[in-house]
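Take a look at the letters that make up each chain.
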Amino acid sequence: MGNICSDGCFGMLGGGGKQASELKACREELKKLIDDINCHPILVRLAWHDSGTYDQRIKDWPARGGANGAIRFDPEMNMGANAGLAKARGYLEDIQKKHPSVSWADLIQLASATAIEMAGGPKIDMKYGRVSVTSPSECVGPKSREGFGGNAGLPDAKPPFGCGASSAPEHLRNVFGKKMGFTDQEIVAISGAHTIGRVFKERSGACPFGYTDAAASKYTKSTCVARKDNKPKIGMAGGAAWTKNWLTFDNSYYTKYKDAMEDSDLMWFPTDQALHEDPVFKPFFQKYAEDQSAFFADYAKAHKKLSELGAKWEPAGGFKI
Ligand code: HEM
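A quick note: this is a predicted structure, and the numbers were derived from the prediction, not measured. (Residues numbered from 1 in each chain as written. Predicted model: local features only at pLDDT ≥ 70, side-chain atom pairs only at ≥ 80, totals over all residues. Heavy atoms only, no water.)

A.B. asks: Just to check I follow, could you spell out the overall build of the protein for this structure?
C.D. replies: Broken down by element type, the protein carries 13 helices and 2 strands. Considering only C-alpha atoms, the protein reaches an extent of 50 × 45 × 45 Å along its principal axes. For the protein, with 321 residues in total, the buried portion stands at 55%. A separation of at least 24 residues holds for 71% of the contacts in the protein among residues at least 6 apart in sequence. Accessible area for the protein stands at about 13400 Å²; split by element, carbon and sulfur atoms hold 54% of it. (Helix = DSSP H or I, 4+ residues; strand = E, 2+ residues; numbered from the N terminus. Buried < 20%, exposed > 50% of the residue type's maximum accessible area, 1.4 Å probe, protein only. Contact = heavy atoms within 4.5 Å. Areas by Shrake-Rupley, 256 points an atom, 1.4 Å probe, with all protein chains shown as cover.)

A.B. asks: Would you explain the environment of Ala168 in this entry?
C.D. replies: Structurally, Ala168 is set in helix 7 (residues 168–179). Ala168 gets classed as buried once you look at its relative accessible area, which sits at 9%. Here the alpha-carbon distance between Ala168 and Ala86, two residues 82 residues apart in the chain, equals 28 Å. Sequence-distant contacts of Ala168, defined by excluding residues within four places in its chain, comprise Phe161, Pro270, Thr271 and Ala274.

A.B. asks: How should I be thinking about the packing of aromatic side chains in this particular structure?
C.D. replies: Any aromatic ring pair is given by two values, namely how distant the centres are and how the planes are angled relative to each other. All chains considered together, the criterion is met by 18 aromatic pairs. Centre to centre, the rings of Tyr254 and Phe295 are 4.9 Å apart; their planes meet at 70 degrees, and the pair counts as edge-to-face. Taken as a pair, Tyr254 in helix 9 (residues 252–255) and Phe295 in helix 13 (residues 292–308) lie far apart in primary sequence, 41 residues in all. Residue class for Tyr254 comes out buried when judged on its relative accessible area of 1%. An angle of 90 degrees between the planes, with centres 5.2 Å apart, marks the rings of Tyr257 and Phe285 as edge-to-face. Of this pair, Tyr257 sits in helix 10 (residues 257–262) while Phe285 sits in helix 12 (residues 282–290), and the two are 28 residues apart along the sequence. Through a chain of ring-to-ring contacts, the aromatic side chains of Phe249, Tyr253, Tyr254, Tyr257, Trp268, Phe285, Tyr288, Phe295, Phe296 and Tyr299 assemble into a single cluster. Above the plane of the ring of Trp313 lies Lys127, whose end atom (NZ or CZ) is 4.5 Å from the centre. (Phe/Tyr/Trp six-rings, centres within 6.5 Å; stacked < 30°, edge-to-face > 60°. Lys NZ or Arg CZ within 6 Å of the ring centre and 35° of its normal.)

A.B. asks: Sorry, what's going on with the packing of helix 6 (residues 104–118) against helix 13 here?
C.D. replies: Two quantities define a packed helix pair, namely the angle between the helix axes and the distance between the axes. Where helix 6 meets helix 13, the axes come as close as 11 Å, and the angle between the chain directions of the two elements is 165 degrees. Relative to helix 13, helix 6 is oriented roughly antiparallel. The hand of the helix 6/helix 13 crossing is right-handed. In this structure, helix 6 contributes Gln109, Ser112, Ala113 and Ile116 to the contact, and helix 13 contributes Tyr299, His303 and Ser307. When the residues that make up the contact of helix 6 with helix 13 are grouped by side-chain class, the tally is 3 nonpolar, 4 polar and no charged. (Axes fitted to C-alpha atoms, helices over the stretch in contact; angles between N-to-C directions. Parallel < 35°, antiparallel > 145°, perpendicular 65-115°, else oblique. Left-handed = near helix turned anticlockwise from the far one by under 90°. Nonpolar A, V, L, I, M, F, W, Y, C, P; charged D, E, K, R; others polar.)

Take a look at the structure:
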């Protein structure tokens, strides 16, 4: 019989103490921030790019990368793949100053999980207690990942792929499989995060749409409605999204991919296309299109895994809030 206390008992016994109550206070502040300025997507991206440096082939912390808060320091923040994310760090800075016992690594992951839920996505079974790195010298270098040309092995949306892969499926498996330890099914599930968010000319440069109404796509102008509750506000106008309701977390990334491929005001990268063309990815893509609850269940598991990659825990095993 499994040990039912392996993770959860810290939470059940009130483990984490002051940190747990401070994290709950942060969560309330995050909810208000997200509701006010609609920054759900950029918070999700910040957390994924903190975790996304993780390399399972490296054993030492923090050299192995992952969810350790290193993205807040310039050596990582200034990597090309992180363009635009300093804005999200700024949002969290004020909250962290008010709650210094909460680690940056935890705050970043809490913000992302809260953003997913607030956009209408699944509740993620998160745990906390991640230790944060404390200085820029603990960041991983852009070229530190064997087989990857830069960005600590974060993915490229289009060729040429920094790992030398000749196709998008091969690139996804190099990044998420070989480096980070995800299965093919988990790759398809976690990619569904693109059901929210946008691409900006000024950040990744991966689309012609940029800041302001003048440079926005049809679906990202300040008059557009994208939230699940249909509130008429989107935060900053501009960029282009994968879905029309890009502040709502649902399975439209899978159900409406043909729209995204055909409509020049929507985004669909070769790495998105790989998921419905590769013979092993495709059945999972179809399953998530047919069954939103299956997507939510698998997304929540993959997101939890991503949020814990490379982390060092205090107390050991972490705690629930
Ligand atoms: C499959 C590999 C992936 C590639 C190639 C990729 C690429 C990109 C690119 C180019 C952008 C636009 C950034 C900008 O211009 O501001 C973006 C945005 C975004 N990505 Fe990904 N991504 C990948 C996987 C993921 C994963 C695993 C997640 C989360 C779990 C994620 C979450 C997001 C979110 C939420 C945004 C929107 C950010 C915003 O609106 O500010 N992506 N991604």
